[in-house]
Amino acid sequence: MFGGALTLDSCKPRKKIQNNHQEADAVADFEAYFIDAVTHFNTTNYAMALKLFNKCVSLNPNEAAPYYYISRIKFEEKSPFEEGLQFAMKAYNLAPNNKVYAQWYASKLKLSGNVEAAVKVLESCLQSNPKDEQIVNDLDNLYAKLGDTGKRIQLWSNLIQSKGFSLKYAVRLIELYKAKNDFASAHLVYEQIQKAAPNKYQYWVEDGNLYLSENKLNQAFEKYEQALKLNPNNWEINRKLFDRYYKLNDSANALKYLRQGMNDPMTSFENKALLISEIKSKSNSDSSMKPYLMVIGEALKNIYTNSADAFKTSGFCFEYLGDYKTALNCYSSAVQIQPTFIAYDGLIRTSEKLFGPKAALSYVDSALEYYPNSPELYITGAEIALRANNFKKALEYAENGQSFTTLSDLKSQLVALQMKALIGLGQPDKALKLGEESLTIIGEQPVLLECIGDVFSLLNKKNEALNYWKKALEKGGNSSILQKKISEGTVNK
């Protein structure tokens, strides 16, 4: 507040000028005591500061500043609340246009629960300081406490008139109009923002979102289209437009907006995952989803080059589309980034489709290095080895896999695969013995019953084969396959 270096010794009053300058002496003494008092206040030496501020009051009882500081000291020292409040009131009454004193007094009135009195203090001060944002903020909080949204709106509108248009103030007004469900006024403010800051696309989006919440679709999508002119790949906007045109069965536009949105590098794969998952799910029963999966697959592999999840999803897309070479590359990239079970599963599957079962076995072995305790992986390996006529390898997978499961369904699958490997090795009797022994341990699992029936059929024991196939059918085995075996009386080739 005042210039010059201050020391602790400065708390002593300066030597007075002689009596012919008494008024000047009083002013000089007041300033000297006040400077010293503020110095002690700032160093939290409140006892000395209070003495000096009281001296200031005795010298000039009509100066507001000492009362303000005394009030602050009272509150700092936890004096009775009313004491601090009285000094705050005194400072305000002496200088009602001083925003510091008004805000201090109002804050204490609010603390005492007298919100309406606090409002009157700040409203009065605002008349003298119409451009002061802090007073407006304080009043806004008080009006909010009173639940008076109308006054809050007027408050910010007046500030805009006083200081000129401000994006910050306009956004505040929009929030208040929305709270009052005055959407028409909110749209008008959005239009002001769009004129003042035409390149800030997010406000076009917000305006569109508001129209959308009102179910005014044409207006909403007009705003979204405008936003896309500024940021063509924005995921949020393109997602909304995709949804709209997909529901209208306009696949051309739906694909356009999906492609633009998927190519938004600023939005993470995780934020796009929900829509991708929905499209993948629909593709299980709807082949018309193929073009959408093509768009997704291309975007994911090109944009998220460090994401294993993105490559896995891209691999699925291309595998679904029959582009096994690209799918294989995507699954391979996923494995290199993070060798997950799902990525390996896709890699094994597509490599077999491309190069046959023999080539896929090397990927099975590689996967088992990471997941040596996975019975499902041993089942996959045994099935592929059987298709490759590598019965020795199939037997190895089936036997080893049984060590890692106690679940009867998985155990029975592995035993059945072991039996098939033994059959392939020319040991049907050994396979039959294994199957019958396993029944007493695992129980009558349909896959095991069916496999035993297959062995009896290969041994030309048709009645026994039929009995086991029928039991397998009763236990919930594959109906179409078992019924065909029963009707033909032989193992399907």
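Refer to the structure printed above.
The structure reproduced in this document is the subject of the present report. Bear in mind the structure is a predicted one, so any value in this text is a computation, not a measurement.

## Points about the environment of Ala95
Right, so step 1: Topologically, Ala95 is positioned in the loop between α4 (81–94) and α5 (99–111).
Right, so step 2: For the pair Ala95 and Cys125, spaced 30 residues apart in the sequence, the C-alpha separation amounts to 9.7 Å.
Right, so step 3: In this structure, Ala95 is in contact with Ala64 and Tyr101, ignoring residues within four places of it in sequence.

## So, the packing of helix α11 (residues 201–213) against helix α13 (residues 235–247)
Right, so step 1: Packing of α11 against α13 brings their axes to within 11 Å, and their N-to-C directions diverge by 35°. Where α11 crosses over α13, the two elements pack in a sense that is left-handed. Residues Tyr201, Val205, Asn209 and Leu212 of α11 pack against Glu236, Ile237 and Lys240 of α13.
Right, so step 2: Counted by class, the contact of α11 with α13 contains four nonpolar, one polar and two charged residues.

## Description of helix α6 (residues 115–128)
Right, so step 1: With 14 residues, α6 should cover 20 Å at 1.5 Å per step; its first-to-last C-alpha distance of 21 Å lies within 8% of that length.
Right, so step 2: For α6, every residue scored as buried is listed here: Val115, Ala118, Val119, Val121, Leu122, Cys125 and Leu126. Angular distribution of buried residues about the axis of α6 spans 165°; they occupy a single face of the element. Seen from the buried face of α6, the exposed residues on the opposite side, beyond 90 degrees, are Glu116, Lys120 and Gln127.
Right, so step 3: In this fold, the buried residues of α6 make contact with α4, α5, α7 (133–146) and α8 (149–163).

## Observations concerning the side chain of Ser307
Right, so step 1: Considering the arrangement of structural elements, one finds Ser307 in the loop between α16 (290–303) and α17 (308–320).
Right, so step 2: Only 3.0 Å separates the side chain of Ser307 from the backbone nitrogen of Ala310, close enough to count as a polar contact.
Right, so step 3: With near-sequence residues (within four places) excluded, Ser307 lies in contact with Phe269 and Ile337.

## Section: the nonpolar core
Right, so step 1: Formed by 61 residues in total, the largest nonpolar core has its most connected members in Phe34 and Phe53.
Right, so step 2: Looking at which element gives the most residues to this core, the answer is helix α3 (residues 64–76), with eight residues.
Right, so step 3: Excluding residues that lie within four positions of it along the chain, Phe53 makes contacts with Phe34, Ala37, Val38, Phe41, Pro66, Tyr69, Ile70 and Ile73.
Right, so step 4: The next biggest cluster of nonpolar side chains, apart from the first, holds 53 residues, and it includes Ala343, Leu347, Ala394 and Leu417.

## Re the state of the cysteines
Right, so step 1: Applying the stated criterion to the full structure yields zero disulfides.
Right, so step 2: Cys330 supplies the cysteine sulfur nearest to Cys317, a cysteine that is in no disulfide, at a spacing of 8.7 Å.

## Looking at the packing of aromatic side chains
Right, so step 1: Tallying each qualifying case throughout the model produces 25 aromatic pairs.
Right, so step 2: For the pair Phe53 and Tyr69, a centre-to-centre distance of 5.0 Å together with 10° between the ring planes defines the contact as stacked. One end of the pair, Phe53, is in helix α2 (residues 46–59); the other, Tyr69, is in helix α3, with 16 residues separating them in the sequence. For the pair Phe53 and Tyr69, a shared accessibility class is recorded, and that class is buried.
Right, so step 3: For the pair Tyr68 and Trp104, a centre-to-centre distance of 6.1 Å together with 85° between the ring planes defines the contact as edge-to-face.

## Remarks on the packing of helix α25 (residues 446–458) against helix α26 (residues 462–474)
Right, so step 1: Put simply, α25 and α26 touch, their axes get as near as 8 Å, and they point 165° apart. As summarised for this structure, α25 and α26 are arranged roughly antiparallel, according to the angle between their axes. Of the two elements, α25 crosses α26, and the hand of that crossing is left-handed. Taking contact as the criterion, the partners of Pro446, Leu449, Glu450, Ile452, Gly453, Asp454, Phe456 and Ser457 in α25 are, on α26, Glu464, Ala465, Tyr468, Trp469, Lys471 and Ala472.

## Regarding the pattern of salt bridges
Right, so step 1: Summed over all chains, the structure comprises 21 salt bridges.
Right, so step 2: Residue Lys393 pairs with Asp365 through a salt bridge whose shortest N-O separation is 3.5 Å. Of this pair, Lys393 sits in helix α22 (residues 391–401) while Asp365 sits in helix α20 (residues 357–370); the two residues are 28 residues apart in sequence, bridging distant segments of the chain.
Right, so step 3: One connected set of salt bridges, linked through shared partners, spans Asp140, Arg152, Arg172 and Glu175.

Analysis parameters
- Starting from 1, residues in each chain are numbered consecutively following that chain's sequence as written.
- Reporting of local features is limited, given that this is a predicted model, to residues whose pLDDT is at least 70; pairs of side-chain atoms are given and counted only at 80 or more, and all residues count toward the totals for whole chains, interfaces and linings.
- Computation of side-chain values: all heavy atoms of the structure, hydrogens and water removed.
- Helical segments are the DSSP runs of H or I of at least four residues, strand segments are the runs of E of at least two, and each set is numbered from the N terminus.
- It only takes one pair of heavy atoms within 4.5 Å for two residues to be counted as in contact.
- Axis definition: a line fitted to C-alpha atoms, limited for helices to the stretch in contact. Angles are taken between N-to-C directions and run from 0 to 180 degrees.
- When the near helix sits turned anticlockwise from the far one by under a right angle, the crossing is termed left-handed; a clockwise turn instead gives a right-handed crossing.
- Under the scheme applied, nonpolar residues are Ala, Val, Leu, Ile, Met, Phe, Trp, Tyr, Cys and Pro; charged residues are Asp, Glu, Lys and Arg; polar residues are all the others, including Gly.
- Between the first and last residue of a helix there are one fewer steps than residues, each counted as 1.5 Å, and that sum is the expected span.
- Only protein chains enter the accessibility calculation, which uses a 1.4 Å probe; a residue is then buried when its area is under 20% of its type maximum, exposed when over 50%, and partly exposed in between.
- Our arc is simply the arc of the directions from the helix axis toward the C-beta atoms.
- In the analysis that follows, any N or O atom pair within 3.5 Å is treated as a polar contact, provided that within protein one partner can donate a hydrogen and the other can accept it, and provided that, for residues neighboring in sequence, both atoms belong to side chains.
- For the purposes of this section, nonpolar cores are sets of buried Ala, Val, Leu, Ile, Met, Phe, Trp, Tyr and Cys residues that join through side-chain atoms within 4.5 Å.
- A pair of sulfur atoms, both from cysteines and within 2.5 Å, is called a disulfide here.
- Each pair of aromatic rings taken from Phe, Tyr and Trp, with Trp reduced to its six-membered ring, is defined by centres within 6.5 Å and is described as stacked if the planes are under 30 degrees apart, edge-to-face if over 60, and tilted in the remaining cases.
- In this scheme, roughly parallel covers angles under 35 degrees and roughly antiparallel covers those over 145, while 65 to 115 is roughly perpendicular and the rest are oblique.
- The term salt bridge refers to a pairing of a side-chain nitrogen on Lys or Arg with a carboxyl oxygen on Asp or Glu at a separation within 4 Å.

Coordinates in, geometry out; function isn't part of it.
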